[in-house]
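Fold and geometry: a report
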Amino acid sequence: MYAFISGIIDYIDPNGLVVIDNNGIGYNVNVSLNTLSGLPSKGEKTKLYTYTYIKEDAFSLFGFASMSEKSMFIKLIDISGVGPKMALGILSGITTTALALAVANSDVKSLSSIKGVGKKTAERIILELKEKVDITSSDFVSSTTSINISSSKEINDAIEALVALGITKNDAIKAVQKASETAKDTNAIITLALRSMA
């Protein structure tokens with residue numbers, strides 16, 4: 001419904017609620033603690049990518065610092081037993097980069113250590129995200145991203161995937177170059193690069 005909201009921060013609740021003043025209208029926006037930690041101070045301007053959650057008894061707006069976090073939130077709430085509140089809790093307890101790494105490595109322990117996520121839920125999240133999210137796919141790789149530091153398609157694909165996850169281009173290049181010394185296929189390079197940055 002709304003792609004993003006831009007305005008002045010009127011109020012910040014440390015538990016993950018932000019009120020944004022957009023042309024005189026205050027919007028309650030639920031955010032993850034990771035997004036909250038990167039917001040400017042009250043009275044300053046900000047922009048959040050948004051997702052509108054509508055049910056018979058609820059109309060909520062969720063905000064994200066990056067499109068990759070929004071994309072991961074949408075993937076999470078599509079999983080049976082994972083609602084918006086739990087999805088936001090997961091994204092508060094782990095970054096999208098670390099979550100991608102946990103899924104790639106079937107790391108149940110990391111996910112189940114997040115408050116409110118049990119072992120069975122962690123296993124289901126990993127299973128379903130592996131089926132739904134390929135971090136080398138168009139879900140994460142921006143078609144507008146163009147990085148040509150190598151003629152290797154695997155290396156370029158890995159860099160683009162990391163950039164799409166919110167990692168800076170320079171950090172992605174460094175991590176991928178190092179990972180490509182021992183790994184050759186795209187998924188292995190991404191996994192090693194994420195591990196080195198986690």
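What the protein chain contains, in helices and strands, is nine helices and five strands. Taken from the N to the C terminus, the helices and strands of the protein chain come in the order β-β-β-α-β-β-α-α-α-α-α-α-α-α. Here the protein chain holds 198 residues, and 42% of them are scored as buried. Across the protein chain, contacts joining residues at least 24 apart in sequence account for 49% of those joining residues at least 6 apart.

Attention shifts here to the nonpolar core. Counting residues in hydrophobic clusters, the biggest one holds 23 residues, and the most contacted among them are F73, L76, I90, L99, L111 and I125. Listed by contribution, the elements that provide at least two residues to this core are strand 5 (58-64), helix 2 (67-77), helix 3 (84-93), helix 4 (96-104) and helix 6 (119-132). Residue contacts for I125: discarding those within four places in its chain leaves L76, I79, V82, I90, L111 and V117. Counting residues in hydrophobic clusters, the runner-up holds 19 residues, among them I159, A172, A179 and I189.

The next subject is the layout of surface pockets. Estimated volume of the largest pocket: approximately 440 Å³. As for the largest pocket, its lining consists of 18 residues, of which K85, M86, L88, G89 and S92 are closest to the centre. Of all the secondary structure elements, the ones that give two or more residues to the lining of the largest pocket are strand 3 (25-31), strand 5 and helix 3. With seven residues, the single largest contributor to the lining of the largest pocket is helix 3. Of the residues in the lining of the largest pocket, the class split is eight nonpolar, eight polar and two charged.

Let us look at the packing of aromatic side chains. In total, this model carries four aromatic pairs according to the counting rule given. Look at Y53 and F62: their rings are 6.5 Å apart centre to centre, the planes differ by 80°, and that puts the pair in the edge-to-face class. Chaining the aromatic ring pairs together yields one cluster made of Y51, Y53, F62, F64 and F73. Its guanidinium or amino end placed over the ring of F4, K47 lies 4.4 Å from that ring's centre, counting from NZ or CZ.

Now for helix 3. Buried within helix 3 we find P84, A87, L88, I90 and L91. Viewed along the axis of helix 3, the buried residues span an arc of 155°, placing them on a single side of the element.

This paragraph deals with the packing of helix 2 against helix 3. Two numbers describe how helix 2 lies on helix 3: the axes approach to 9 Å, and their chain directions differ by 135°. Considering their axes alone, helix 2 and helix 3 lie oblique with respect to each other. For the pair helix 2 and helix 3, the crossing hand works out as right-handed. When helix 2 is examined against helix 3, the residues E69, M72, F73, L76 and I77 are found in contact with a partner set consisting of P84, A87, L88, I90 and L91. Across the contact of helix 2 with helix 3, the residue classes break down as nine nonpolar, no polar and one charged.

Right, let's get into the sheet that holds strand 1 (residues 4-13). Taken in spatial order, the five strands close into a barrel running 1-2-3-5-4, and their pairing is mixed. Put simply, the sheet's adjacent strands are angled 55° from each other on average, direction ignored. Sheet topology note: the strand 4 (residues 45-55)/strand 5 ladder contains seven bridges and is antiparallel. Residue pairing across strands places T52 opposite L61, the latter belonging to strand 5.

Interpretation of this model should avoid reading the predicted coordinates in detail wherever pLDDT is low. Per-residue confidence for the protein chain gives a mean pLDDT of 84; residues scoring 70 or more make up 89%. Every residue in residues 136-151 scores below 50 in pLDDT, and together they form 39 contacts with partners more than four places removed in sequence or on other chains.

Thresholds applied
Residues numbered from 1 in each chain as written. Predicted model: local features only at pLDDT ≥ 70, side-chain atom pairs only at ≥ 80, totals over all residues. Heavy atoms only, no water. Helix = DSSP H or I, 4+ residues; strand = E, 2+ residues; numbered from the N terminus. Buried < 20%, exposed > 50% of the residue type's maximum accessible area, 1.4 Å probe, protein only. Contact = heavy atoms within 4.5 Å. Core = buried A, V, L, I, M, F, W, Y, C linked by side-chain atoms within 4.5 Å. 1 Å grid on protein atoms, 1.4 Å probe; cavity = no way out; pocket = protein on both sides within 12 Å on 5 of 7 lines; lining within 4 Å. Points joined across faces, edges and corners; volume = space filled by probe spheres on them. Nonpolar A, V, L, I, M, F, W, Y, C, P; charged D, E, K, R; others polar. Phe/Tyr/Trp six-rings, centres within 6.5 Å; stacked < 30°, edge-to-face > 60°. Lys NZ or Arg CZ within 6 Å of the ring centre and 35° of its normal. Arc of directions from axis to C-beta. Axes fitted to C-alpha atoms, helices over the stretch in contact; angles between N-to-C directions. Parallel < 35°, antiparallel > 145°, perpendicular 65-115°, else oblique. Left-handed = near helix turned anticlockwise from the far one by under 90°. Pairing = 2+ DSSP bridges. pLDDT = per-residue confidence, 0-100.

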